[in-house]
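# Observations on the model geometry
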Amino acid sequence: MTSAPAIVHKLIETFEQNLESYRSGKNETELRREFLDKFFTALGWDVANEKGYDEAHKEVVHEFSVEVSGQQKKADYAFRTGADKFDFLVEAKKPSVKIETSQDAAFQIRRYGWSAKLPINILTDFEHFAVYDCRAKPNYSDKASFGRILLVHYKEYVERWDEIAAIFSPEAVRRGSFAKYAEGMKGKKGTADVDDAFLQEIERWREALAKNIALRNETIDIAGLNYAVQMTIDRIVFLRICEERGIEPENQLQEIVNRDDVYAELCELFKRADTKYNSGLFHFRQEKEQSSRPDDLTLSLEIDDKVLKDIISNLYYPKSPYAFLYIPADILGQVYERFLGKVIRLTAGHQAKVEEKPEVRKAGGVYYTPTYIVDYIVKNTVGKLVEGKKLREVEKLRIVDPACGSGTFLLGAYQFLLDWHLNWYVENEPEKWEKQKALVKADGGYRLTASKKKEILLNNIHGVDIDAQAVEVTKLSLLLKVLENASGQLGLGMERVLPDLGNNIKCGNSLIGFDYFEGQLLPDEEERARVNPFDWKSEFKDVFARGGFDVVIGNPPYRMMQPHNTELTTLEYLRKKYLVAEFKMEMFHMFLQLGVSVLRQQGVHSFIIPATILNNVYAEKLRKWIASNCAIQKISVANEKIFEDADVHTLVLVVKKEDDGKKRRDSHIKITAQLNKDTVGDQDLYKETKQKYFESLEGSVWNILIDDENVDLILRLNKNYSKLSEISTINRGLITGDRGKYFSDKRLSSEYVQILAGSDVSRYLAKEPSEYVLFKKPKGSGGSWDADMHLAPHKILVRQIGTKPMACLIREPIAVTGNLFTVRASNVDEELYILGIFNSKLIEFFWKIMFSDFKNSFPQVTIFSISQLPIRTIGFSDPAEKAQHDKMVTLVESMLAFHKSLAVAQSPAEKERLERQIAVTDMAIDSLVYELYGLTEEEIKIVEG
């Protein structure tokens, strides 16, 4: 047990002696300086920044509060142990505020914590130390006790010091105690993430605005309606955030709610913002320096007061639970990413209807890339390129996301560059850079000026998206990033500080150029709008004048383009333009080829993409094309679902464009086979391999675990033996669709047959069938419906779900479901021999090196992977080989019998005896397999290891 430091005893004594005067007279700033600063210093926090950390690394960030209508606009302290994010906030109140009963104070800290997505936060006036769980959406009418999980009186500080320090000291945070404490408080009713709540809010605004604008403006078309609604929401949100950041006057939006003709008042604010910010977000007249086309639509619209008053009033205290100052930029991005999944349509009667975009509906939703993946990709691309570089070299870096969506990756890259520039300036004569208006002093350190942030943005960041709404959202997100911490930097002369991003963020179809319309005399405007072609070299002339982009990053669309969901003309064009557009045309395949194509030599490319690129037969051309144009730098396979609602297994691929063939082949590839949010730091290296090993294997499969130690054995197994598909027929089981309609626990007619599922099968054992299936192929079914295969008396069954191939043998005419594969040997007498090899350690080793997908949840064996397994065939004319065959058959028959007996054994002693027999027989089979394949002692060690 530790005791409270002497300073805490002294603070309590002083506070008690002067309590009444403090309650009546002491203001909040005095309280913080005299009591709270010392209290948190006693906990171990560097409150005064005595370590001299820069702005991005200070342990404690102080915000100067401005009291407006009884509420503090900024939390007084933000605490962190790492540079990437804060751990918790502390809101201070003067002692005259009774925080134990103040609904206003409780709502305030919960609002800050909820908006910042920080689960546990503190409210204190020193007299009380209140801890709140801020995961539940705050409501002003909630009692002060709602969400409060700890309340300590100052007289209890000494006796409860260990309890407080065990959670809130920096050591406790670094050890994970704080995180465990927060996790232990999880699961309370009424929790709603800020991104979910804000999404619902702006979707409600969109629908209300769309219906009202369509009603009051009869001539507006679909494109105009979508644009007007998007820009109105974006402008209001932008100005509201600027208010909370101290860049715009307090409550200017709220003040117009009480007037008539709200939209006319709003338009005056928008026009004033045009003169102030010089941004495409507010751009209503043609100007020489502006590349964007001015908006000559929205200022002339009619919008009813009721709709606008509802939107604006819900952005302010006490109705609003949002503290926009604390909503991270990536959270806004997540909200808008999902917001962009819907579009406004006009009915025949000119009524607005909001509906999901067809491509989003087909894909099952919009999937937002988690921040840690964005940071990981940025670190391994932009981060690698800036290593050892001088300022002028970094200024020349050109970064692009060719499917930028809401701008998530561009925000990540931009933030990285802002941090790099700040550190560089601070480490290289900061006074000089302050004079040159690159730095400004702030809170005892330095920050980049808004004008320098604008310059970095225009220099380095580029993006393209086919969706005009996405382009506007990306611009909005980047503009808000420019204005972070810009309070006080915008002079009284209305200095126009924001960039026009029209030359950086562009709308167009990254995959399709204007050659799409060659040979068409007069393509109609609807077709032009749908295709929205984009010419990379003319749109980014300066970039391609120096060879292309330095970095391409992003998360491209994952969608298969087929005749039922894509225009035939488009399919034909893409097949001609993209070598990797094979029979199954995956969009991410084409985006990969495009991304590498727009890189300069030595440029770096990284996407998060489906893991099917490693060994899917339809990705063979893509793998060969990448390997012949790039040096692969890194492959990081996720072992968990990156996109929670999407059934797709992903990896991060990092490549460098390289025209030197020897450098490509000899390049070392860093492999991470267990990527998740806990392994994205420097410790994520799993092992290394070489690119030339990929090229030496048949089918150009990327076997990421092949290395110097095992390459010779893998190559020999891959080349010297028959593939399983060459000596057998492999099929997938029945995929029926509607299970209730086709399955029964009884045999309802002669058309019903017994069926086994994947869960019924394990190594050497299949359960007795408990279900029947109607063996009648339904429309839209999948798998194999070959009756000869399903009702064959002998077949090997292989489970689809598993971390390794597992097989058994059945000798009855039984059907199987789609999560089982069937293997029927060309010679039925060979099935026991093949089964023994299939379940051996050698095949498990080969399969894991060649085909493992490294998933924690639902790891899969594919039909392609088992078709490639190397099988040592027997020359029956050779007595020695026949004897080996017969020995294998005997061992496998024994194994089948042991497993069958174990399944029904009851006594512990009998189970233990059978398990020992199985282990010994397994060893004998493995030993025989090593003998059959001619493994050396060293090779056996590799396999066993």
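As a starting point, this report considers the structure included with it.

## A closer look at helix H11 (residues 262–277)
Taking 1.5 Å of rise per residue, 16 residues should cover 22 Å, and H11 covers 22 Å from first to last C-alpha, within 8% of that figure. Taken as a whole, H11 has its buried residues at Val262, Tyr263, Leu266, Cys267, Leu269, Phe270, Ala273, Asp274, Lys276 and Tyr277. In this structure, the buried side of H11 is in contact with helix H9 (222–244), helix H10 (252–256) and helix H12 (305–313).

## Details of unusual backbone geometry
Of note in this structure, Asp261 is not a glycine but carries a positive phi near 55°. We note that Lys437 has phi near 65°; this positive angle belongs to a residue other than glycine. The exposed category is assigned to Lys437, whose relative accessible area is 58%.

## Things to note about the packing of helix H5 (residues 161–168) against helix H7 (residues 177–184)
Taken N-terminus to C-terminus, the directions of H5 and H7 make an angle of 95°; their axes are 6 Å apart at the nearest point. Viewed along their axes, H5 and H7 adopt a mutual orientation that is roughly perpendicular. Within the contact between the two elements, H5 uses Ala166, Ile167 and Phe168 and H7 uses Ser177, Phe178 and Tyr181.

## Side note on the pattern of salt bridges
All chains considered together, the criterion is met by 49 salt bridges. Here Glu244 and Arg111 are joined by a salt bridge, their closest N and O atoms 3.6 Å apart. With a gap of 133 residues between them, Glu244 in helix H9 and Arg111 in helix H4 (residues 103–116) connect regions that are remote in the sequence. You can call Arg111 buried: its relative accessible area is 2%. Glu387 is the salt-bridge partner of Lys384, the closest N and O atoms lying 3.9 Å from each other. Residue Glu387 is classed as exposed on the basis of its relative accessible area of 53%. One salt-bridge network, in which partners are shared between bridges, spans Arg111, Arg240, Glu243 and Glu244.

## Concerning the packing of H11 against H12
Their axes nearest at 8 Å, the elements H11 and H12 cross at an angle of 55°. Classified by the angle between their axes, H11 and H12 sit oblique to one another. Here Val262, Tyr263 and Leu266 of H11 come into contact with H12, specifically with Asp305, Leu308, Lys309 and Ile312. Residues belonging to the contact of H11 with H12 are distributed by class as follows: five nonpolar, no polar and two charged.

## A closer look at the sheet that holds strand E6 (residues 120–124)
The strand order across the open sheet formed by six strands is E1-E4-E5-E6-E7-E8, and the pairing between neighbours is mixed. Either end of the sheet is taken by a strand with one partner, and the two such strands are strand E1 (60–62) and strand E8 (148–153). With strand direction ignored, the average angle separating the axes of adjacent strands in the sheet is 20°. As judged from the three bridges shared by strand E5 (residues 88–92) and E6, these two strands associate in the parallel manner. Counted as the bridge partner of Ala92 is Thr124 from E6. Where H5 meets the sheet, it contacts E5, E6, strand E7 (128–133) and E8, and its direction lies at approximately 40° from that of E7.

## Some remarks on helix H39 (residues 937–944)
Taken together, the buried positions of H39 are occupied by Glu939, Ile940, Ile942 and Val943. The arc that holds every buried residue of H39, seen down its axis, measures 155°, which confines them to one face. Opposite the buried face of H39, by more than 90 degrees, sit the exposed residues Glu937, Glu938 and Lys941. Lining the buried residues of H39 we find helix H30 (711–720), helix H35 (841–851) and helix H38 (908–932).

## A closer look at the packing of aromatic side chains
Within the structure shown, the criterion is met by 47 aromatic pairs. Measuring from ring centre to ring centre gives 5.9 Å for Phe40 and Tyr77, while their planes differ by 50°; the resulting arrangement is tilted. Placement of Phe40 in helix H3 (residues 28–42) and of Tyr77 in strand E4 (residues 77–79) is noted, with a sequence separation of 37 residues between them. For the residue pair Phe40 and Tyr77, the accessibility class agrees, reading buried in each case. On the numbers, 5.4 Å between centres and 40° between planes, the contact of Phe88 with Phe178 is tilted. Separated by 90 residues along the polypeptide, Phe88 in strand E5 and Phe178 in helix H7 bring together distant segments of the chain. Both residues of the pair, Phe88 and Phe178, belong to the buried class. Seen from the ring of Tyr316, Arg240 lies directly overhead, with NZ or CZ sitting 4.0 Å from the centre. Lying over the aromatic face of Phe517, Arg528 brings its terminal NZ or CZ to 4.9 Å of the ring centre.

Conventions we followed
- Residues numbered from 1 in each chain as written.
- Predicted model: local features only at pLDDT ≥ 70, side-chain atom pairs only at ≥ 80, totals over all residues.
- Heavy atoms only, no water.
- Helix = DSSP H or I, 4+ residues; strand = E, 2+ residues; numbered from the N terminus.
- Expected span 1.5 Å × (residues − 1).
- Buried < 20%, exposed > 50% of the residue type's maximum accessible area, 1.4 Å probe, protein only.
- Contact = heavy atoms within 4.5 Å.
- Axes fitted to C-alpha atoms, helices over the stretch in contact; angles between N-to-C directions.
- Parallel < 35°, antiparallel > 145°, perpendicular 65-115°, else oblique.
- Salt bridge = Lys/Arg side-chain N within 4 Å of Asp/Glu carboxyl O.
- Nonpolar A, V, L, I, M, F, W, Y, C, P; charged D, E, K, R; others polar.
- Pairing = 2+ DSSP bridges.
- Arc of directions from axis to C-beta.
- Phe/Tyr/Trp six-rings, centres within 6.5 Å; stacked < 30°, edge-to-face > 60°.
- Lys NZ or Arg CZ within 6 Å of the ring centre and 35° of its normal.

Everything listed here is a matter of coordinates, which is why it stays silent on function.
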